Amino acid sequence: MQTITHRVRSFLAEQGVRIAPWSGLDATYAELHELLARRRDDPAFWRPLEELLRDVLRQATAPE
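Throughout what follows, the structure given in this document is the object of discussion. Quick caveat: nothing in here was measured; it's all calculated off a predicted structure.

**A look at helix α3 (residues 43-61)**
- Taking 1.5 Å per residue as the helical rise, α3 with its 19 residues ought to reach 27 Å, and the 28 Å between its terminal C-alpha atoms agrees with that figure.
- Inspection of α3 places Phe 45, Leu 49 and Leu 52 among the buried residues, and these make up the whole buried set. The buried residues of α3 all sit within an arc of 60° when viewed along its axis, so they share a single face. Across from the buried face of α3, at angles greater than 90 degrees, the exposed residues are Pro 43, Arg 47, Leu 57, Arg 58 and Thr 61.

This is the structure:
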């Protein structure tokens, strides 16, 4: 299972955002924040974002 950050990085890549493999948490989540701001009015963006949030929630609440 991927870490939550790895899943976020995969989501960013799926959305066309490229970040260096060596970038840290701050850079990863800054890119996510920028993507959210940039695409907030794009209806096509909300379905993949919903899937990401479901994955994150599922992983964060999993008993293992």
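The discussion continues.
**What to know about the packing of aromatic side chains**
- Enumeration according to the criterion identifies two aromatic pairs in this entry.
- A centroid spacing of 6.0 Å and a plane angle of 50° characterise the contact between Phe 11 and Phe 45, whose relative ring orientation is tilted. You can see Phe 11 sitting in helix α1 (residues 4-14) and its partner Phe 45 sitting in helix α3, a full 34 residues away along the chain. We note that Phe 11, like Phe 45, is buried.
- On the numbers, 6.0 Å between centres and 70° between planes, the contact of Phe 45 with Trp 46 is edge-to-face.
- Three or more aromatic residues link up through ring pairs in this structure, and these residues are Phe 11, Phe 45 and Trp 46.

Cut-off values and rules
Residues numbered from 1 in each chain as written. Predicted model: local features only at pLDDT ≥ 70, side-chain atom pairs only at ≥ 80, totals over all residues. Heavy atoms only, no water. Helix = DSSP H or I, 4+ residues; strand = E, 2+ residues; numbered from the N terminus. Expected span 1.5 Å × (residues − 1). Buried < 20%, exposed > 50% of the residue type's maximum accessible area, 1.4 Å probe, protein only. Arc of directions from axis to C-beta. Phe/Tyr/Trp six-rings, centres within 6.5 Å; stacked < 30°, edge-to-face > 60°.

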